[in-house]
Amino acid sequence: MASSLDGLVIRNYGSSESIPEMTSLLRDAYAHLARQGLRYVATHQDDTITARRLGRGFPLVVYLDGHLVGTATLYPPRPDSPVAWYRRPEVFYFGQFGVRPELQRQGIGVRILRALEDRARARGATELACDTAEQAEHLRSWYAREGFRMVGTTKWPVTNFQSAVLSKTIVMPGS
């Protein structure tokens, strides 16, 4: 794969995408977190879980020179969410955010984040949120550099850690 991001394409997920390839990408992207003992869903999910999570939101796929290298799924407000922040009508949130390990720290994640912001804003959101393990300091620091602030915590029944709920105000252009 090229080291330049000139061939990077971010687009909406389509039916031609391979669920097993998406699952493999997510597991690979989260493997370093699993080695730290953090049990994110993406560290062990199977194809059924991948498909279910993709189907609940607006997934993006990222290709570099024709190879799947990243993904993220944008979710609308969820009135039944155990996280109060995710129930708010102005808040969209994202998950299943991953980039191939060998391409991390090259700007792909920032580009995915901008695409998520644009898509959330286009759907009327004024906040973009996510959650990550409180102990994942490197991730929390990265999100802070990208303008996210902590708005709460939660403990998902399927993880082995407390999550920091992070959010960023996404202002309409020209506002």
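Analysis parameters
Residues numbered from 1 in each chain as written. Predicted model: local features only at pLDDT ≥ 70, side-chain atom pairs only at ≥ 80, totals over all residues. Heavy atoms only, no water. Helix = DSSP H or I, 4+ residues; strand = E, 2+ residues; numbered from the N terminus. Rg over C-alpha atoms; globule rule 2.2 N^0.38 Å. Buried < 20%, exposed > 50% of the residue type's maximum accessible area, 1.4 Å probe, protein only. Phe/Tyr/Trp six-rings, centres within 6.5 Å; stacked < 30°, edge-to-face > 60°. Lys NZ or Arg CZ within 6 Å of the ring centre and 35° of its normal. Pairing = 2+ DSSP bridges. Axes fitted to C-alpha atoms, helices over the stretch in contact; angles between N-to-C directions. Contact = heavy atoms within 4.5 Å. Parallel < 35°, antiparallel > 145°, perpendicular 65-115°, else oblique. Nonpolar A, V, L, I, M, F, W, Y, C, P; charged D, E, K, R; others polar. Salt bridge = Lys/Arg side-chain N within 4 Å of Asp/Glu carboxyl O. Polar contact = N/O pair within 3.5 Å; in protein donor to acceptor, adjacent residues only side chain to side chain.

> For the overall build of the chain, give the residues involved together with the corresponding values.
When its secondary structure is counted, the chain shows 5 helices and 7 strands. Each helix and strand of the chain, placed in order from N terminus to C terminus, yields the pattern β-α-α-β-β-α-β-α-β-α-β-β. The C-alpha atoms of the chain give 15 Å as radius of gyration, which agrees with the globular expectation for 175 residues (16 Å, within 12%). Burial analysis of the chain (175 residues in total) assigns 47% to the buried set.

> Can you tell me about the packing of aromatic side chains, naming the residues and giving the values?
All chains considered together, the criterion is met by 10 aromatic pairs. A centroid spacing of 4.8 Å and a plane angle of 50 degrees characterise the contact between Tyr40 and Phe161, whose relative ring orientation is tilted. With Tyr40 in the loop between α1 (19–35) and α2 (47–55) and Phe161 in the loop between β6 (149–154) and β7 (163–169), the pair connects residues that are 121 residues apart, well separated along the chain. Note on accessibility: Tyr40 and Phe161 belong to one class, buried. Look at Tyr86 and Tyr93: their rings are 4.0 Å apart centre to centre, the planes differ by 5 degrees, and that puts the pair in the stacked class. Looking at Tyr93, the relative accessible area reads 7%, which means it is buried. Ring pairs connect the aromatic residues Phe94, Phe97, Trp142, Tyr143 and Phe148, which therefore count as one cluster. Over the ring of Phe58 we find Arg123; its NZ or CZ atom is 3.8 Å from the centre of that ring.

> Give a detailed account of the sheet that holds strand β5 (residues 127–133), specifying residues and quantitative values.
What the 7 strands build is an open sheet, ordered β1-β2-β3-β4-β5-β7-β6; its pairing is mixed. Each of the sheet's edge strands pairs with one partner strand only, and the pair in question is β1 (8–12) and β6. Pairs of neighbouring strands in the sheet enclose a mean axial angle of 25 degrees, with direction left out of account. Against the sheet, α1 contacts β2 (58–64), β3 (67–75) and β4 (91–99), and its axis sits at roughly 85 degrees relative to β4.

> Outline the packing of α1 against α2, supporting the account with residue identities and numerical values.
Close contact between α1 and α2 brings their axes to 9 Å; oriented N to C, the two are set at 95 degrees. Considering their axes alone, α1 and α2 lie roughly perpendicular with respect to each other. The residues of α2 that touch α1, namely those facing Ile19, Pro20, Met22 and Thr23, are Asp47, Thr50, Ala51 and Leu54. Per-class residue counts for the contact of α1 with α2 are 5 nonpolar, 2 polar and 1 charged.

> Hey, could you go over the pattern of salt bridges for me, with residue numbers and the actual values?
Evaluation of the coordinates by the stated rule reveals 10 salt bridges. We note a salt bridge from Arg100 to Asp28, for which the minimum N-O separation is 3.2 Å. Placement of the pair is Arg100 in the loop between β4 and α4 (108–122) and Asp28 in helix α1, with a sequence separation of 72 residues. Among the ionic pairs, Arg114 bridges to Glu146, the shortest N-O distance being 2.5 Å. Linking Arg114 in helix α4 with Glu146 in the loop between α5 (137–145) and β6, this pair joins segments that are 32 residues apart in sequence. Assessed through its relative accessible area of 33%, Arg114 is described here as partly exposed. Residue Glu146 is classed as buried on the basis of its relative accessible area of 15%.

> With reference to specific residues and values, describe the environment of His44.
In this fold, His44 is placed in the loop between α1 and α2. Not counting the four nearest positions on each side in its chain, His44 is found in contact with Arg27 and Arg39. Here Arg39 takes part through its side chain, which lies 3.3 Å from a polar atom of the side chain of His44. Reaching out from His44, the side chain makes a polar contact with the side chain of Thr43 at a distance of 3.1 Å.

Distances and angles like these do not, on their own, reveal function.
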